[in-house]
Amino acid sequence: MKLVIDSKIPFMHGYAELLGDVTYKAGAEIGPDDVRDADALIVRTRTHCDKMLLEGSKVQFIATATIGYDHLDTAWLKEAGIAWTNCPGCNARSVAQYIEAVLLQLAAHGCWRTGGELLPATARVTRGELDRTVFGGLTLGIVGVGHVGTQVLLMAERLGFKEVLLCDPLRAAHEGASGPDFVGLDEVAERADVVTFHTPLTREPQPYPTFHLAGREFFGKLRKGAVVINSSRGEVVDTAALKAAMKAGRVRTAVIDTWEHEPGIDRELLDMVFVGTPHIAGYSADGKANGTRMSLEAVAGHFGLDASAFEAVSAPELPEGFAYYPEGVGHLLAPELRLYDPVRDSVALKQCPDDFERLRGNYPLRREGGNSLMG
C-alpha cells in the first residue's frame, strides 16, 4: 500500500511505515502527481482534498488528523467513492487549555478589574494581579458545544464562572428536551461577558450555517465591553465587522487564533487583539499524538490491517523545570501558564506575521498536563 502524508504531522515516522510505502510532503504542496498512485492520504487543513487533487487517482481513503474537515470536499468524495474520516475530539483539551490560558492572562492584565485599564498582554504584571475571583462575576458564552465546547465548559466550571451559556442550535434541534438548556445566539450576545466560538465552518444550504456567524448583526447586539475569542475557523467571524465593533468600543478586546484568509491574515486586526496566534490552539503535543494515532488506526481499519502498534503513539515528556515561555511573566502568575502561555505565540506572530505557516509548522513542545504536572 502507498500512503502520502503531510510531513508536518508529528509522531508519524516509524509508525506509518508499518502500513506500507510512505511519501512525506508539505501539506500545501501535495498535488495530483503525488497522489495519483496512492491508496491513502493522511493530511491536515492545508491540503484541499477535492476533484482537482484526486480525480483519476487510486486514492481510496483519506484521514485528516484534525477535528475540522472543511478542507475536504465531502460531497465530491462521496460521488467518487473515496472514504474519509476526521479525528473528532483529538485536540479538544488542547483548545480548552488555550482558552483557559488567555482568560487567566486577561484577568491578570486587568480586563475585568473595576475601573482598571486593560494592559497589553506583554506587560510585566505580578502574581498578585491575577485575581481568579473575577470569574465568579462573569458570564461565559460558548458557541458550539461539541467535543471542544464541552471541554471548554468543564474548564469554565473549574475557573468558577458565574454562569455559562451554551449555544448549539444543531444539538438543540437533535436533542430537544433531553439535552442541556441551550440558548440562542442573540441571548449569548446580549448577556455574555466573554463569547468563545467552537463551531465547524459550514455554509448555506447546510442547516445553521456558521460562515460569518459573528457578523454585523451579532456585534450590533453584543453586550458592550464583551471579549470575543475565536479558535474555531477564521470565517466564522467577519473580520471587518469585528474590527468595527472593537473601534466602536462594543468589543473590549479579542483573542484570535483562527483567521480569515490564512495565512494572509489581517495585519490591522493582529495589531488590535490582546492575543493573536497562528492557528495553534489545538497544537499541544497530546492533541497531535491523538490525531496521529487516530489517523493511523483509521487507515489500518479501512484496509483491514493490524493497528495494535499505534497504541504506543504518545507525546514526549517535559524536561525538568519546564516553562513554556520563560522570558515572559506567565509562568510566575499561575501553574497553568507555566505549562502553556499563549503570549509567547502571540509575540512571535506579531513580530513576524509573514511567518504564519513557519510558526505553525515549527511549533514548540507543549503539553496539556494535569494536576501532577501543574503541582
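Residues numbered from 1 in each chain as written. Predicted model: local features only at pLDDT ≥ 70, side-chain atom pairs only at ≥ 80, totals over all residues. Heavy atoms only, no water.

A short note on the overall build of the chain
Counting its regular elements, the chain contains 16 helices and 11 strands. In terms of C-alpha radius of gyration, the chain reaches 21 Å, essentially the compact-globule figure of 21 Å for 375 residues. Along the three orthogonal principal directions, the C-alpha set of the chain runs to about 65 × 50 × 45 Å. Put simply, the chain has 375 residues, and 53% of those count as buried. Nonlocal contacts in the chain, meaning residues at least 24 apart in sequence, comprise 62% of its contacts between residues at least 6 apart. Roughly 16,200 Å² of accessible area belongs to the chain as shown, and the carbon and sulfur atoms make up 50% of that amount. Computing the positive centroid from 38 side-chain charges and the negative centroid from 50, the chain places the two 4 Å apart. (Helix = DSSP H or I, 4+ residues; strand = E, 2+ residues; numbered from the N terminus. Rg over C-alpha atoms; globule rule 2.2 N^0.38 Å. Buried < 20%, exposed > 50% of the residue type's maximum accessible area, 1.4 Å probe, protein only. Contact = heavy atoms within 4.5 Å. Areas by Shrake-Rupley, 256 points an atom, 1.4 Å probe, with all protein chains shown as cover. Lys, Arg positive; Asp, Glu negative; His and termini not counted. Charge placed at Lys NZ, Arg CZ, Asp CG, Glu CD.)

Some words on the packing of aromatic side chains
For the coordinates displayed, the defined rule picks out 9 aromatic pairs. Put simply, the rings of Tyr98, Tyr283, Tyr324, Tyr340 and Tyr363 touch in pairs and so form one group of aromatic residues. One cation-aromatic arrangement involves Arg344 over Tyr324; the distance from NZ or CZ to the ring centre is 4.9 Å. For the cation-ring pair, Arg366 lies above Tyr340, with the distance from its terminal atom to the ring centre recorded as 3.8 Å. (Phe/Tyr/Trp six-rings, centres within 6.5 Å; stacked < 30°, edge-to-face > 60°. Lys NZ or Arg CZ within 6 Å of the ring centre and 35° of its normal.)

Structural notes on the packing of helix H4 (residues 92-108) against helix H5 (residues 147-159)
In contact at an axis separation of 8 Å, H4 and H5 are set at 40° when each is read in the N-to-C sense. As far as their axial angle goes, H5 and H4 are oblique. With respect to the hand of their crossing, H4 and H5 are arranged in right-handed fashion. Each of Ala92, Arg93, Val95, Ala96, Ile99, Glu100, Leu103 and Leu104 in H4 lies in contact with H5, whose residues at this interface are His147, Val148, Gln151, Val152, Met155, Arg158 and Leu159. By residue class, the composition of the contact of H4 with H5 is 10 nonpolar, 2 polar and 3 charged. (Axes fitted to C-alpha atoms, helices over the stretch in contact; angles between N-to-C directions. Parallel < 35°, antiparallel > 145°, perpendicular 65-115°, else oblique. Left-handed = near helix turned anticlockwise from the far one by under 90°. Nonpolar A, V, L, I, M, F, W, Y, C, P; charged D, E, K, R; others polar.)

Side note on the environment of Phe219
Tracing the backbone shows Phe219 in helix H8 (residues 216-221). When the C-alpha atoms of Phe219 and Ser94 are compared, they prove to be 28 Å apart, with 125 residues separating the residues in sequence. Every residue in contact with Phe219, bar those within four places of it in the chain, is listed here: Ala214, Val228, Val237, Asp238, Ala241, Leu242, Ala245, Arg250 and Val251.

Some remarks on the sheet that holds strand E2 (residues 21-25)
Pairing between the strands of a sheet is mediated by backbone hydrogen bonds and can be parallel or antiparallel. Read from one edge of the open sheet, 5 strands run E2-E1-E3-E4-E5, paired in parallel fashion. The sheet terminates laterally at E2 and strand E5 (83-85), the two strands that pair on one side only. Between one strand axis and the next, the sheet turns through 15° on average, direction left out of account. As paired strands, strand E3 (residues 40-43) and strand E4 (residues 61-64) are joined by 4 bridges and run parallel to one another. Bridging across to E4, Ile42 finds its partner in Ala63. On the sheet, helix H11 (residues 285-303) packs against strand E1 (2-6), E3, E4 and E5 and is oriented at approximately 165° with respect to E4. (Pairing = 2+ DSSP bridges.)

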